[in-house]
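Report on the structure
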Amino acid sequence: MDIQDYSRGRNNANSKLVFQQAKVTIPKMQDRVLNEVDGISSTLDIANKLGVEIHKISGRFSELKAKQKIYQTSSKKIGGKSYAVYSKTIN
């Protein structure tokens, strides 16, 4: 059996399989993130409220921003790092 280096970019068979599994949960997590966006809580605060690590939901903020459902209003410094603070757009 050959050893496959999974760090060699996107679109390999493993990354495609994992994405197919993950894309089922993305809309649900987008909704959960959007419900927590309040213009006060940072992305790290929201991750903590949802009980997930920040890297697991950072993409949801980018997706919501691209869909123009949220926009960045400020940032908060927490432990030497800056985390974005988002507000919901008015539709």
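Located above this text is the structure these notes cover.
Going along each chain's sequence as written, the residues are numbered from 1 onward. The predicted nature of this model means local features are confined to residues of pLDDT at least 70 and side-chain atom pairs, given and counted, to a pLDDT of 80 or more, with totals for whole chains, interfaces and linings taken over all residues. Side-chain numbers come from the whole structure's heavy atoms, not from hydrogens or water.

1. Some remarks on the packing of aromatic side chains
Note on ring pairs: Phe, Tyr and Trp rings are taken, using the six-membered ring of Trp, and paired if centres are within 6.5 Å. Classes follow the plane angle, with under 30 degrees stacked, over 60 edge-to-face and the rest tilted. Counted by the stated rule, this structure contains 1 aromatic pair. Ring centres of Phe-61 and Tyr-86 lie 5.5 Å apart, and the angle between their planes is 15 degrees; this geometry places the pair in the stacked category. Of this pair, Phe-61 sits in helix H4 (residues 54-66) while Tyr-86 sits in strand E2 (residues 81-88); the two residues are 25 residues apart in sequence, bridging distant segments of the chain. Residue classification places Tyr-86 among the buried residues on the basis of a relative accessible area of 10%. Strands here are runs of E lasting at least two residues and helices are runs of H or I lasting at least four, both read from the DSSP assignment and numbered beginning at the N terminus. Classification of residues uses two cut-offs on accessible area relative to the type maximum, computed with a 1.4 Å probe and protein chains only: under 20% is buried, over 50% is exposed, and between them is partly exposed.

2. Here's the deal with the packing of helix H3 (residues 43-50) against H4
Comment: axis = line fitted to C-alpha atoms, over the contacting stretch for helices; angle = value between 0 and 180 degrees taken between N-to-C directions. Look at H3 against H4: their axes get within 10 Å of each other, and the N-to-C directions meet at 120 degrees. In terms of axis orientation, H3 runs oblique to H4. Where H3 crosses over H4, the two elements pack in a sense that is right-handed. Taking contact as the criterion, the partners of Thr-43, Leu-44, Ile-46, Ala-47 and Leu-50 in H3 are, on H4, Ile-54, Ile-57 and Phe-61. For the contact of H3 with H4, the per-class residue count stands at 7 nonpolar, 1 polar and no charged. Orientation labels follow simple angle bins: below 35 degrees gives roughly parallel, above 145 gives roughly antiparallel, 65 to 115 gives roughly perpendicular, and whatever is left gives oblique. By the definition used in this description, the sense in which the near helix is turned from the far one sets the handedness, with an anticlockwise turn below a right angle giving left-handed and a clockwise turn giving right-handed. Here, residues are in contact when the closest pair of their heavy atoms is within 4.5 Å. In this classification, Asp, Glu, Lys and Arg are treated as charged, Ala, Val, Leu, Ile, Met, Phe, Trp, Tyr, Cys and Pro as nonpolar, and every other residue, Gly included, as polar.

3. A few points about H3
Within the sequence span of H3, burial applies to Thr-43, Leu-44, Ile-46, Ala-47 and Leu-50. Buried residues along H3 cover an arc of 160 degrees about the axis, so they all sit on one side. Where H3 is buried, its residues contact helix H2 (26-36), H4, strand E1 (70-78) and E2. Gly-51 sits one or two positions beyond H3 and adopts a positive phi of about 75 degrees. This arc is built from the directions going out from the helix axis to the C-beta atoms.

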